[in-house]
Amino acid sequence: MQTTTQSPVKINEQKAVEEFMQYVEKRNPHETEFLQAVHEVAASVLPYIQDYPHYVQHRVLHRMVEPERVVMFRVPWVNDKGEVQVNRGYRIEMNSAIGPYKGGLRFHPSVNLSVLKFLAFEQVFKNSLTTLPMGGGKGGADFDPKGKSDGEVMRFCQSFMTELQRHIGPDTDVPAGDIGVGSREIGFLYGQYKKIRNEFTGVLTGKGMEYGGSYMRPEATGFGSVYFTHEMLLTRGESIKDKKCIISGSGNVAQYTAKKIMELGGKVLTVSDSGGFVYDKDGMDEEKWNYLMDLKNVKRGRIYEYAEQFGLDYYAGKTPWGVSAELAFPSATQNELNEKHAKTLCKNGLQAVSEGANMPCTPEAIEIFQHSKVLYGPGKASNAGGVAVSGLEMSQNSLRLSWSGEEVDEKLRSIMRSIHDNCVAYGKEKDGVDYVKGANIAGFVKVADAMLAQGIV
Ligand code: NDP
């Protein structure tokens, strides 16, 4: 039953969201992550479009939740023992209204259709927010690079690309990295694409500097997440300097989030991996950061080894959300921060959350942050720096030139600022900014208008 405090308009809006979700659930049963991502967008966008009937009439949101194309394929390969292995590969081409499909590839055992559809759906809005001409897509495989030799990873990547190359191209679909796909994997994937197609083009981003990569692409997501936090804090006259910060993950995003926080005078208290987290009461410094980079990117070791090296506290099987801090940067994976964690964080004086990962906070956690007036930056805004610099890599590849690191960093800062401004423009409320609403509506409007202009296709 509705409470009496709700206005009739609110009740209609709620009904519109419920009916829409029933429709989406019926068509995509059991796809929990995808439904979670769609619900968050629908709850922002449906109330907004009640005032713009052309979006409703043309069923724009109904069309947006249906991928333009889904490709699923067999990825057979041979391990070092000579045994045949079979994985499943995917590419979700979600929306190309404002540019070629763009979004990363994830290699992780948890990859399935629901996870990739949620990531592809989020990517559509994120890419729209960057102001660059990129549609949304995502792909990957249920392959686990952990514990595999370089030879095994190479053979897997070659088999994966042997099929994927039919579906991608520099003006069609341009994948990048994500969990389990870093510079090593991008190199192997690019080599195979080039061999089969006999083309040297910007078909992937996140490439090495020697073969068409962009300065600042490795740094972009983490740096961008911190720049976004800086912008959010500015609205309250605050800064990152001297703030206690907790980070989850220790991969690409976490590494460069830590680096930028240190540069701006913040204190990095934690990093983690799927085994547990490390607590460093004195904060990370340059020596520890260099060790972490080598451990994770070269030796491919575990985070407990980092704790052992520097005599830090290690908490096996635990997440860092119990550590008292002003800023939180969830940068590992989806749904890693729940309601209980959010309550603890708020009790411990949290001021801001910036999602480095995609959808790391559960809907219940987000509600608590918003209710507690914590500045909450949703991933589609706060971690958009990675795909923004991927967009800049595509431009440099097309122009066949390379911008300096300083130039790219300046463009990244300005893109993160304009994403923040856009969130404020669409999400301003009486007592602050609703960044979720702002990001969802701002991302939606550009794609929706392009879809309307292009007719029913
Ligand atoms: P990496 O593979 O480099 O690192 C992932 C990190 O997260 C590792 O420390 C990993 O630990 C941890 N992790 C992964 N899965 C789990 C899990 N189920 N439980 C606990 N920890 C886990 O990936 P990235 O840093 O590139 O990506 C991290 C997040 O950021 C993802 O959500 C990704 O979608 C998002 N993102 C990445 C972008 C990029 O440019 N790379 C751009 C925008 C968003 P372990 O090694 O033990 O698995």
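Look a little higher up for the structure.
Small disclaimer: the values here were computed from a predicted structure and weren't measured.

**Some points on the pattern of salt bridges**
For step 1, the next point in the chain: Evaluated as defined, the whole model comprises 27 salt bridges.
For step 2, the next point in the chain: We note a salt bridge from Lys 281 to Asp 282, for which the minimum N-O separation is 3.9 Å. Here the two residues Lys 281 and Asp 282 agree in accessibility, since each one is exposed.
For step 3, the next point in the chain: Here Glu 429 ties to Lys 437 by a salt bridge, and the two come within 2.9 Å at their closest N and O atoms.
For step 4, the next point in the chain: The class for Lys 437 is partly exposed, based on a relative accessible area of 28%.

**Side note on the nonpolar core**
For step 1, the next point in the chain: Core analysis: the biggest nonpolar cluster contains 50 residues, and Phe 228, Ile 261, Met 284, Tyr 306, Leu 412 and Ile 419 have the highest contact counts within it.
For step 2, the next point in the chain: Ranked by residues supplied to this core, first place goes to helix H8 (residues 217–234) with seven residues.
For step 3, the next point in the chain: Each of domain 2 (69–200) and domain 3 (219–373) gives at least three residues to this core.
For step 4, the next point in the chain: If near-sequence neighbours (up to four positions away) are discounted, Leu 412 is found in contact with Met 216, Ala 220, Phe 223, Gly 224, Tyr 227, Gly 385 and Val 389.
For step 5, the next point in the chain: Counting 41 residues, the second largest nonpolar core, distinct from the first, contains Phe 34, Leu 35, Leu 116 and Ala 450.

**Quick look at the sheet that holds strand S6 (residues 244–247)**
For step 1, the next point in the chain: Strands sit in the order S9-S8-S7-S6-S10-S11-S12 across an open sheet of seven strands; the sheet is mixed. Looking at strand neighbours, the two that pair on one side only are strand S9 (313–316) and strand S12 (375–377), the edges of this open sheet. For this sheet, the mean inter-axis angle between neighbouring strands, taken without regard to orientation, is 15°.
For step 2, the next point in the chain: Note that S6 and strand S10 (residues 327–329) share three bridges and pair parallel. When the bridges of S10 are listed, Ile 247 appears paired with Phe 329.

Reading the values: rules and limits
- Residues numbered from 1 in each chain as written.
- Predicted model: local features only at pLDDT ≥ 70, side-chain atom pairs only at ≥ 80, totals over all residues.
- Heavy atoms only, no water.
- Salt bridge = Lys/Arg side-chain N within 4 Å of Asp/Glu carboxyl O.
- Buried < 20%, exposed > 50% of the residue type's maximum accessible area, 1.4 Å probe, protein only.
- Core = buried A, V, L, I, M, F, W, Y, C linked by side-chain atoms within 4.5 Å.
- Helix = DSSP H or I, 4+ residues; strand = E, 2+ residues; numbered from the N terminus.
- Domains from an automatic or database assignment.
- Contact = heavy atoms within 4.5 Å.
- Pairing = 2+ DSSP bridges.
- Axes fitted to C-alpha atoms, helices over the stretch in contact; angles between N-to-C directions.

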